[in-house]
Amino acid sequence: MKPDLALNVNSEISPLLKVIVHSPDEGILRVSPKKSEELLFDDIVYLPAMQAEHKIFTDVLRALIGKEHVYETQKLLQEALGNNVQSKEHLIRTLLEYEELPPSFGSALAQKDHADLAEILITGYDPADERVLFDPIPNFLFTRDIAVAINDHILITKAAKQARTRENFLTRFIMYQHPLFADISTHGRLIDMNLLEQFPPSKKGEPVSMEGGDVMILNQDYIIIGISERTNLHAFHSLKSYLFKNNIISNVVLFNIPSERSFMHIDTIITQIDVHQFVAYKPIVKEGSGSFVEVHRSSGEIQKYATMKKFLRKEISNEIEFTWVGNGVTPTQEREQWTDGCNLLAVRPGVAIIYDRNPVTSEVLKEKGYNILTAHQIGLLSDLELKDLNKTIIAIPSGELARARGG
């Protein structure tokens, strides 16, 4: 596979060219009611339905950006394992040490073909021996949390919860070993928050903690980082210093939000879907309930705002408009914020994907001139019609996907 030499992500809405996804895997079947909280799932899910919903999501992406541009993490891991024998052995040793498993397991894993090994490393289960080696990593479904593109760099985050540690291991391995990322890794354009020499603990011993749902790039000069349940202040300042030192971006915006499960990331309360259009949760974004905004500039200046709305209108564009999730009315706004009504994925300006469990938000967008289409309707469009698609919200089935508390 040819290296990707053209990484340049400087907004949340510019036309999506390539995307990495992970389909719900068999490991999710081992998320029990007792283990769900530890594994960061709010509910147990029915895997076949979840897989079917996710396939509809990826089919929509393939229709809009091309089949060859939608990458699956398990396939990338499989290809990376075959790229360097020594790195593969090091990965196995590191994981066995972390999971406190006997070294003898390593030789058995090393003899697996790359496809089987990739599946075992993700699901934690070896079907040949009918043996559970590791806990599952069900949150690998949310690939944005582990790695985020910032201009021409890729940020590998460091998850707050131990349940996501293996996601970090596997993602780092892919980024460093897969040919697709060779140019980025060899030219120092990987920002790896897991490297202690670059991102050490604070003087009080607090480690960096950041997930990609708290990282949102507005343009080549502005990035927002949420201080939330999963991202701490030490991580914010550590990343800010790195970005400024390496001239990657000139304004890093701190968005402090309530440290609550329902607001686990900033993308659960605000996302951009068009040049001047955001979908957002009114109590926090407009009214500032439990939140505030600080703009840290590379010059050292700090500008403060009472709300995210005031910041966006003042520093990004005074033409910005907001669609309030659930029409900004209680209890609908709380219900649809919980089912990720704010967490849309913009495929291009004005074309975004939403969970169908947020009908009131979709209706408000329809009143603002957006066409609301189902995934089935997208499948009936010709290539030319897909290319010309604009001001469209695509509602995908989400009965099981939304139970996992992630967009």
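What counts and what doesn't
- Residues numbered from 1 in each chain as written.
- Predicted model: local features only at pLDDT ≥ 70, side-chain atom pairs only at ≥ 80, totals over all residues.
- Heavy atoms only, no water.
- Helix = DSSP H or I, 4+ residues; strand = E, 2+ residues; numbered from the N terminus.
- Rg over C-alpha atoms; globule rule 2.2 N^0.38 Å.
- Buried < 20%, exposed > 50% of the residue type's maximum accessible area, 1.4 Å probe, protein only.
- Contact = heavy atoms within 4.5 Å.
- Areas by Shrake-Rupley, 256 points an atom, 1.4 Å probe, with all protein chains shown as cover.
- Lys, Arg positive; Asp, Glu negative; His and termini not counted.
- Charge placed at Lys NZ, Arg CZ, Asp CG, Glu CD.
- Salt bridge = Lys/Arg side-chain N within 4 Å of Asp/Glu carboxyl O.
- Pairing = 2+ DSSP bridges.
- Axes fitted to C-alpha atoms, helices over the stretch in contact; angles between N-to-C directions.
- Polar contact = N/O pair within 3.5 Å; in protein donor to acceptor, adjacent residues only side chain to side chain.

### Some words on the overall build of the protein
Inference 1: When helices and strands are counted, the protein shows 15 helices and 19 strands.
Inference 2: Compactness check: the protein gives a C-alpha radius of gyration of 21 Å against a globular reference of 22 Å for 407 residues, within 12% of the reference.
Inference 3: By its C-alpha atoms, the protein is 60 × 50 × 45 Å across when sized along the principal axes.
Inference 4: Buried residues in the protein amount to 56% of all 407 residues.
Inference 5: Sequence-distant contacts in the protein: of pairs separated by 6 or more residues, those separated by 24 or more amount to 69%.
Inference 6: Total accessible area computed for the protein in this model is approximately 17,800 Å², and 51% of it derives from carbon and sulfur atoms.
Inference 7: Of the charged side chains in the protein, 43 are positive and 54 negative; the average position of the first set lies 4 Å away from that of the second.

### What about the pattern of salt bridges?
Inference 1: Overall, the coordinates contain 16 salt bridges when judged by the stated rule.
Inference 2: Between Asp-59 and Arg-62 there is a salt bridge; the shortest N-O distance is 3.6 Å. Linking Asp-59 with Arg-62, this pair stays in helix H2 (residues 47-65), spanning 3 residues, or about one helical turn.
Inference 3: A residue is classified by how much of its surface remains accessible, and Asp-59, at 32% relative accessible area, is partly exposed.
Inference 4: Here the residues in one salt-bridge network are Asp-145, Arg-164, Glu-167, Glu-211, Glu-229 and Arg-230, joined through shared partners.

### Focus on the sheet that holds strand S7 (residues 190-192)
Inference 1: Here 3 strands make up an open sheet; going across it, the order is S5-S6-S7 and the pairing mixed. Edge positions in the sheet fall to strand S5 (147-150) and S7, since each has one partner strand and no second. With strand direction ignored, the average angle separating the axes of adjacent strands in the sheet is 20°.

### Considerations on the environment of Lys-112
Inference 1: Its location among the elements puts Lys-112 in the loop between helix H5 (104-110) and helix H6 (114-123).
Inference 2: In this structure, the C-alpha to C-alpha distance between Lys-112 and Ala-128, residues 16 residues apart in sequence, is 10.0 Å.
Inference 3: Engagement of the side chain of Lys-112 in a polar contact is seen with the side chain of Asp-126, the distance being 3.1 Å.

### Structural notes on the pairing of strand S17 (residues 351-355)
When a strand is regular, its side chains alternate between the sheet's two faces.
Inference 1: S17 sits mainly inside the fold: 5 of its 5 residues count as buried.
Inference 2: Both faces of S17 are covered, namely the face carrying Val-351, Ile-353 and Tyr-355 and the face carrying Ala-352 and Ile-354.
Inference 3: The sheet contact formed by strand S16 (residues 345-348) and S17 spans 3 bridges and is antiparallel. By the bridge assignment for S17, Ala-346 is matched with Ala-352.
Inference 4: Of the strand pairs in this sheet, S17 and strand S19 (residues 392-396) are connected by 5 bridges, and their pairing is parallel. Within S19, the residue paired with Val-351 across the bridge is Thr-392.

That's the geometry; what it means functionally is another story.
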